[in-house]
Amino acid sequence: MACPFSRHNSGAQIITRPAGAESDVPHTAAAALNLRHLSEAIGILTSPSNPSVCAALQSLLEEKQLTEFRQTLKKLPLAEPPQDNSYSYLDDIVDLLTETNQDSSPLLEQVGRRLIQQCLGHLERAFRSLGPDMQNLLTSLDGVHDVLQGDEEHEGPEEGSFVCSVIAPGELELSFSTARKGVVQVLAGSLTELAERLHGTQAVVQTIKQDRRDQSGMSHYLLSISIPHLHSCQDEVESEKPSVSTSASDLRMCVETMCKAFPWHFVLDRHLEFTQLGSGFMRLFAHELTQYGRHVGTYFELVKPRVPFSFEAILKRSNTPFLLAIKSVNGSTDSKAAEGMELKGQMVFCPESDSLLFVASPFLDGLEGLTGRGLYISDIPLHDATRDVILVGEQSRAQDGLKRRMDKLKSSIEEASLAVDAEREKNVSLLHLIFPPDIAKRLWLGELMYLQSRLIPFQCLA
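Rules of the game
- The written sequence of each chain sets the order in which its residues are numbered from 1.
- Under the rules for a predicted model, residues below a pLDDT of 70 receive no local features and side-chain atom pairs below 80 are neither given nor counted, while totals for whole chains, interfaces and linings still include all residues.
- Here the side-chain values reflect all heavy atoms present in the structure, with hydrogen atoms and water set aside.
- By definition, a salt bridge exists where a carboxyl oxygen of Asp or Glu is found within 4 Å of a side-chain nitrogen of Lys or Arg.
- Where helices and strands are cited, they refer to DSSP runs of H or I of at least four residues and of E of at least two residues respectively, numbered from the N terminus.
- Relative accessible area decides the class of each residue, using a 1.4 Å probe on protein chains only: under 20% of the type maximum gives buried, over 50% gives exposed, and in between gives partly exposed.
- Expected helix span is computed as 1.5 Å times (number of residues minus one).
- Polar contact is defined as a pair of N or O atoms within 3.5 Å, subject to the rule that within protein one atom must be able to donate a hydrogen and the other to accept it, and that residues adjacent in sequence are counted only when both atoms are side-chain atoms.
- A pair of strands is considered paired only if DSSP assigns at least 2 bridges between the two.
- To obtain an axis, a line is fitted to C-alpha atoms, over the contacting stretch when the element is a helix, and the angle between two such axes runs from 0 to 180 degrees between their N-to-C directions.
- Any two residues having at least one pair of non-hydrogen atoms within 4.5 Å are treated as being in contact.
- What counts as a ring pair is set by centres within 6.5 Å for rings of Phe, Tyr and Trp (its six-membered ring), and what kind of pair is set by the plane angle: stacked under 30 degrees, edge-to-face over 60, tilted for all other angles.

J.: Describe the pattern of salt bridges, and please don't skip the residues or the numbers.
T.: Enumeration over the complete set of coordinates arrives at ten salt bridges. Of the charged contacts, one joins Glu196 and Arg113 as a salt bridge, the two residues approaching to 3.2 Å between their closest N and O atoms. Taken together, the residues Glu196 in helix α7 (residues 183-199) and Arg113 in helix α5 (residues 105-129) connect sequence positions 83 residues apart. The exposure class assigned to Glu196 is partly exposed, which follows from its relative accessible area of 28%. The residue Glu312 makes a salt bridge to Arg270 at a minimum N-O spacing of 2.5 Å. In this pair, Glu312 is assigned in helix α12 (residues 311-316) and Arg270 in the loop between β5 (265-268) and β6 (274-277), connecting sequence segments 42 residues apart. Its relative accessible area of 42% is what places Glu312 among the partly exposed residues.

Structure follows, in structure tokens:
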């Protein structure tokens, strides 16, 4: 997947707007939080727009900050950056400071801080919705962005990503890629400011590794993020934690109950071989396990994220939703019917057994899609929203069918009414041709007695 945070990405782009600019979405305290706000918040962190950076820099200069850079920055288009899509305001800043042998990091970190200060008024709820603390906020970013980029398809191996791994409580590593210069320094300042303003804590962000640009023009960075506040919080939790058993034999849920409650789950060891399968998977693969082995690659294709199907690669992306597709195993009847069925879920690392737990829900298009895969409604557990989606979807389709029939009936009635009106006009015209206007009008109104009284004398004469 191409870098989702790159400004040069040809696909859907994250929307950002500079401070003070008008938006077609009202940002008020009463405004409902939606994906547009999340998209804008993530864009401020990972791909700030040229107008946003320009506005932040202008604000700092107006407050007479960055005095050591003022002379150099005079060469920048501070009034309004060019509208050319290929232009990067941050690239110009870095290049100018490099020419004068000045370190751009302090300046760009201040720009990142000011970006957060300017946008926090209307995006605070969006940032807070990502997580209760900085650790959860960062680990949520990658998964949220996957949803925002939803239907976009990318070819080739995944390159350029925003992946946060928890090394220990309060210690994180952030893998970040971008095609733009200076973005990583702006990101460091933004994260530091977010930690202070949202959670009242200090975050120390440092770049510990930087790789040169690859053939695709991406630069790859590895950042360490230390949040001392989370260390102390974890220590308090550990000290208050009640004494519990660490013996697996004391677990009150047996494997059979687990497999019944979560039919679409499996557990993998370090070799990516099944150690446990939910009842749904067992019904599909039970006959093949003894003949074709227990390796997950035999039965599933990893659709998203585009990473190698290995234990370590999966572990690094444990904060990302996983999409797997079932493969047919040598023409097996059960797996053949379910071939291509996709399951979306989460990979959870279980340190007590050094294994990976995958819990998922199947993607099914209504009852026809369910039965076409050889499945039953009973295969979807009651707690899984997929069951409601299927049944409500069928109800909606039935209502849509009824609505279409009612619309067709209404259209038929309207056509018949128009035909009656047209016939009535013909009758009126015919009456006017046969009788004088006064008599024709009375006849049309049903005053037949009047017409008869006028016609009787003529009948007598005849």
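Here the narrative resumes, following the displayed structure.
J.: Any details on helix α1 (residues 35-46)? Residues and values, ideally.
T.: Under the 1.5 Å per step criterion, the end-to-end length of α1 is 16 Å for twelve residues, consistent within 8% with the ideal 16 Å. By the criterion of burial, α1 is predominantly enclosed, with ten of the twelve residues buried. The backbone nitrogen of Arg36 lies 3.0 Å from a side-chain oxygen of the residue at the head of α1, namely Asn34.

J.: Outline the sheet that holds β5, listing residues and values.
T.: Across the sheet, which stays open at both edges, the six strands sit in the order β6-β5-β10-β9-β8-β7 with antiparallel pairing between neighbours. Strand pairing shows two members of the sheet lacking a second neighbour, β6 and β7 (300-304), which therefore form its edges. Between one strand and the next, the sheet's axes are offset by a mean angle of 30 degrees, whatever the strand orientation. Here eight bridges tie strand β9 (residues 342-350) to strand β10 (residues 355-362), and the two strands are oriented antiparallel to one another. Within the sheet, the bridge partner assigned to Phe349 lies in β10 and is Leu356. Relative to the sheet, helix α10 (residues 279-292) contacts β5, β6, β7, β8 (322-326) and β9, its axis offset from that of β6 by approximately 130 degrees.

J.: Give a description of the packing of aromatic side chains that names residues and reports values.
T.: Taken as a whole, this structure holds 13 aromatic pairs when the rule is applied. On the numbers, 5.2 Å between centres and 85 degrees between planes, the contact of Trp264 with Phe281 is edge-to-face. On the criterion of sequence distance, the pair formed by Trp264 in the loop between α9 (255-261) and β5 and Phe281 in helix α10 is long-range, its members being 17 residues apart. Each member of the pair, Trp264 as well as Phe281, is classed as buried. By the ring-pair criterion, three or more aromatic residues cluster together here, those being Trp264, Phe266, Phe274, Phe281, Phe285, Tyr299, Phe300 and Phe358.

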